[in-house]
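What the coordinates show
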Amino acid sequence: MRAAPYLLSLPALLLFAGVVIVPLVMTVLLSFHDWGQYKGIEPVFILKNWQEVLTDSYFHEMFWRTFRIAFFVTLLAAVLGAPEAYILNRMKSPWRGLFLLVILGPLLISVVARTLGWALLFGGNSGLVNKALISTGLISTPLPFMFTETGMVVALAHVLMPYMVLAVWAALQRLDPQIENAAVALGAGPFTVLRRIVLPQVMPGILSGAIIVFALAASAFATPAIIGGRRLKVASTLAYDEFLNTLNWPLGAAVAVLLLFALIAVVVGASRLVERRYAQVFG
Amino acid sequence: MAFLSLEGLTKKFGAHLAVDGLSLDVEKGEFIALLGPSGCGKTTTLQMIAGFVDPTAGAIRLEGRDLLAIKPAKRGLGIVFQSYALFPHMTVAENVAFGLEMQGVAAAERTKRVTETLELVGLAAFSGRFPRQMSGGQQQRVALARALVIRPNILLLDEPLSNLDAKLREEMQIELRQIQRTVGTTTILVTHDQAEAMALSDRIVVMNQGRAEQIGPPHEAYERPATPFVANFLGKTNLVNGATVRPEKISFGPSGLVGKVRTRIFQGNHWLYQVDTANGLVTVIRQNTGEAMPAEGAVVHLVWSVAP
């Protein structure tokens, strides 16, 4: 009977191996194959693709841009999402449910439709966003949004915001409802309560939300593809182009595998850091 | 002039009258217990004193000043919450120091007072721990230290012992009483536990449906309950011939009200009897003195002296 737990989890393990591990291993192997304009893919073992990806400044720029965008998306999601979750948590029904729906809304709409919507809003110098910004006097000349990192950050932050809000909200739910009163009774003003009492306690939530948002932003495809097009590529659209336009599958595989491993390193590193920092306090 | 006075304090939640014209004068250094079943308005009263709930009508005065005009953060009250509400991301010392920090007390003075207060509650060795690493009883003491270190005008205790197990609760009752006597802070305790209220307080306010049914020393409220509600809430009672008689005041004698023992329960230091009589079921409590006691089914005679 000792084998029962393993036998019971075998079907799921087989499925996981079949749909995740096998294609992944094949992609890794593919990245070591050779490719030529006229000879196509040759199943040999060479390091050419990896050398190219790791030494060519073109690829450096792509990866640097990918992680820069992911970083700013994460920052924007945290700066807007954390207060959003706090306000949401203090709302009473029916407003809470209504606004939760508004925040979760982006997840219910197809990523392509939503991003095309942003493209329409950004579109050219007479786009709605620019018109609104100019009419409020925030800017005097139109800002370029399409085919820029700014546009990508805005559109990605919008779609990934729910993950941050939900993570922070979960942390807020664990807060002792009396704890803010306790701080007030000891003489703390509203701002001090937020900064010294609430924020440190929801920090693990913000950080775990940040890890999710960062990973999804760095590996996002549809939004960078539509907002950035072929003019402003990131790692995922680059891999796509190598696969489907240049038809250099091995090089595309190297890009994809490198993106995957870089992301795993960032996510695992960050979550271990978070765990170590908060293990003692929040157990 | 009383130290703290509640004058016709009233709170309505919609159509529900949570607190209904409560008036109470508290002397400096007094230990008052607000006692009653859940929903009697005792917690709402405490929250109005703390400033977390605004009264619908009435006034609260502290040494003659209108307390309602002062923001909760400026009232200078020490509060121990039912859940303790410790700051989990701060050490014990940081928790206790928080109030002093808010008052702008200098660091050296702060350290000194934190150490003193932690010694008072017997936690001097735990200052570097996080709340999560401590037992319920220890967390309770941290909460008490955090409330006392700011030298509050009034100490408010909201069901402070209800999360502790029975044995620890008794120990903490004694300790709480001693600490309150030592520091002499005027204290208001909210509880639904009559034993706790009687053990700790100088005066009890028995509350029911938002009103004070009786205000007085525990002994007086127990011996001379003003209403049937108070009599029932403060312990077991028998209604015999229209008079309320406490079970421990009834004894077995050679003659008296005739009855037959229906059940007998041994509770260590005392026996609990249920006796069928012509006047209905009578509860009798007898001290366990080691002597033989009437068994179930025995015919007994009940005697008691009627309170003057």
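The subject of this paragraph is the overall build of chain B. Looking only at helices and strands, chain B features eight helices and 17 strands. Referenced to the eigenvectors of the C-alpha coordinate spread, the extents of chain B come out at roughly 75 × 45 × 35 Å. Sorting the 308 residues of chain B into buried and exposed places 48% on the buried side. At a minimum sequence separation of 6, the contacts of chain B that also span at least 24 residues come to 63%. Total accessible area on chain B stands at roughly 13900 Å², and carbon and sulfur atoms take up 51% of it. Positive and negative side-chain charges of chain B, numbering 31 and 29 respectively, have mean locations separated by a distance of 2 Å.

Our focus in this paragraph is the domain arrangement of chain B. If you check the domain split of chain B, you get domain 1 (4–229) and domain 2 (236–303). Placing the centre of domain 1 of chain B and that of domain 2 of chain B at their C-alpha centroids yields a distance of 39 Å.

Attention shifts here to the interface of chain B and chain A. Each side of the interface is counted separately: chain B has 23 residues, and chain A has 20 residues. Each partner contributes to the roughly 2000 Å² buried at the junction of chain B and chain A, and carbon and sulfur atoms together form 65% of this total. Across the chain B-chain A interface, the total number found is one salt bridge. Across the pair B:E101 and A:R196 runs a salt bridge whose closest N-O atoms are separated by 2.7 Å. At the junction of chain B with chain A, the criterion picks out three residue pairs in polar contact (both at pLDDT 80 or more). Of the residues forming the side of chain B that touches chain A, the biggest block, four residues, is contributed by helix α2 (residues 92–102) of chain B. Residue composition of the side of chain B that touches chain A, grouped by class: 15 nonpolar, five polar and three charged.

Bringing the packing of aromatic side chains into the picture now. Residue and element names in this part refer to chain A. Enumeration over the complete set of coordinates arrives at 14 aromatic pairs over all chains. One residue, R231, lies across the ring of F147, its end atom 3.9 Å from the ring centre. Geometry around Y278 places R277 over its ring, the cationic atom sitting 4.9 Å from the centre.

Our focus in this paragraph is unusual backbone geometry. With an omega dihedral of 10 degrees, the bond running from A:S93 to A:P94 counts as a cis peptide bond. Mapped onto the secondary structure, A:P94 falls in the loop between α3 (57–90) and α4 (95–108). Phi is positive for A:L247, close to 65 degrees, though the residue is something other than glycine. The class of A:L247 is partly exposed, set by a relative accessible area of 47%. Even without glycine at this site, B:E159 takes up a positive phi of about 45 degrees. Looking at the element boundaries, B:E159 is found in the loop between β7 (154–158) and α5 (166–183).

With that out of the way, let us pick up the environment of A:L120. Here A:L120 shows up in helix α5 (residues 111–122). Remark: the alpha-carbon pair of A:L120 and A:G18, spanning 102 residues in sequence, is separated by 40 Å.

Now for the packing of helix α9 (residues 190–219) of chain A against α2(B). Packing of α9(A) against α2(B) brings their axes to within 13 Å, and their N-to-C directions diverge by 155 degrees. Comparing the axis directions of α9(A) and α2(B) gives the class roughly antiparallel. Regarding α9(A) and α2(B), the two cross each other, and that crossing is right-handed. Contacts between α9(A) and α2(B) involve A:T192, A:R196 and A:I197 on the former and, on the latter, B:F98, B:E101 and B:M102. Of the residues assigned to the contact of α9(A) with α2(B), the class counts are three nonpolar, one polar and two charged.

Before going further, it helps to spend a moment on the side chain of A:T148. In this structure, A:T148 sits in the loop between α6 (128–135) and α7 (149–173). A:T148 gets classed as buried once you look at its relative accessible area, which sits at 16%.

This part is about the sheet that holds β7(B). Residue and element names in this part refer to chain B. Overall, mixed pairing links the six strands, which are arranged β6-β7-β8-β3-β9-β10 in an open sheet. On the outer flanks of this sheet lie β6 (78–80) and β10 (211–216), each paired with one strand and no other. Shown here is a sheet whose adjacent strand axes are inclined to one another by a mean of 15 degrees, direction ignored. Taken strand by strand, helix α4 (residues 136–148) contacts β6 and β7, and its axis lies near 170 degrees from that of β6.

Here is what the cut-offs are and how they apply
- Residue indices begin from 1 for each chain and proceed along its sequence in written order.
- Chains carry letters from A onward and ligands carry numbers from 1 onward, assigned in written order.
- Per-residue local features are limited, in this predicted model, to residues with pLDDT of at least 70; the limit for side-chain atom pairs, both in listing and counting, is 80 or more; totals at the level of whole chains, interfaces and linings are taken over all residues.
- In computing side-chain properties, one takes all heavy atoms of the structure into account and sets aside hydrogens as well as water.
- A helix here means a DSSP run of H or I that spans at least four residues, while a strand means a run of E at least two residues long, and both kinds are numbered starting from the N terminus.
- Working definition: with a 1.4 Å probe on protein chains only, accessible area under 20% of the residue-type maximum means buried, over 50% means exposed, and in between means partly exposed.
- Any two residues whose heavy atoms approach within 4.5 Å are treated as being in contact.
- The method behind every accessible area is Shrake-Rupley, applied with a 1.4 Å probe, and residues are considered shielded solely by the protein chains displayed.
- Under the convention used here, Asp and Glu are negative, Lys and Arg are positive, and both His and the chain ends fall outside the count.
- A charge is said to be at NZ when it belongs to Lys, at CZ for Arg, at CG for Asp and at CD for Glu.
- An automatic or database domain assignment is the source of the domain bounds shown.
- The buried area of a pairing is the accessible area, by a 1.4 Å probe, that goes missing from both parts when the two are put together, added over both.
- The rule for a salt bridge is simple: a side-chain nitrogen of Lys or Arg has to be within 4 Å of a carboxyl oxygen of Asp or Glu.
- As used in this structure description, the phrase polar contact means that two N or O atoms lie within 3.5 Å; if the pair is within protein, one of them must be able to donate a hydrogen and the other to accept it, and residues adjacent in sequence are counted only when both atoms belong to side chains.
- Here the term charged refers only to Asp, Glu, Lys and Arg, the term nonpolar to Ala, Val, Leu, Ile, Met, Phe, Trp, Tyr, Cys and Pro, and the term polar to all other amino acids, Gly among them.
- Only Phe, Tyr and Trp rings are paired, with Trp represented by its six-membered ring, and only when their centres lie within 6.5 Å; those with planes under 30 degrees apart are stacked, over 60 edge-to-face, the remainder tilted.
- Comment: the charge-over-ring label is applied if NZ (Lys) or CZ (Arg) is within 6 Å of the ring centre and within 35 degrees of the ring normal.
- Fitting a line to C-alpha atoms yields each axis, with helices limited to the stretch in contact; the angle taken between N-to-C directions then spans 0 to 180 degrees.
- Roughly parallel means an angle under 35 degrees; roughly antiparallel means over 145; roughly perpendicular covers 65 to 115; every other angle is labelled oblique.
- Should the near helix be turned anticlockwise from the far one by less than a right angle, the crossing is left-handed, and should it be turned clockwise, the crossing is right-handed.
- Note on pairing: DSSP must find at least two bridges between two strands before they are called paired.

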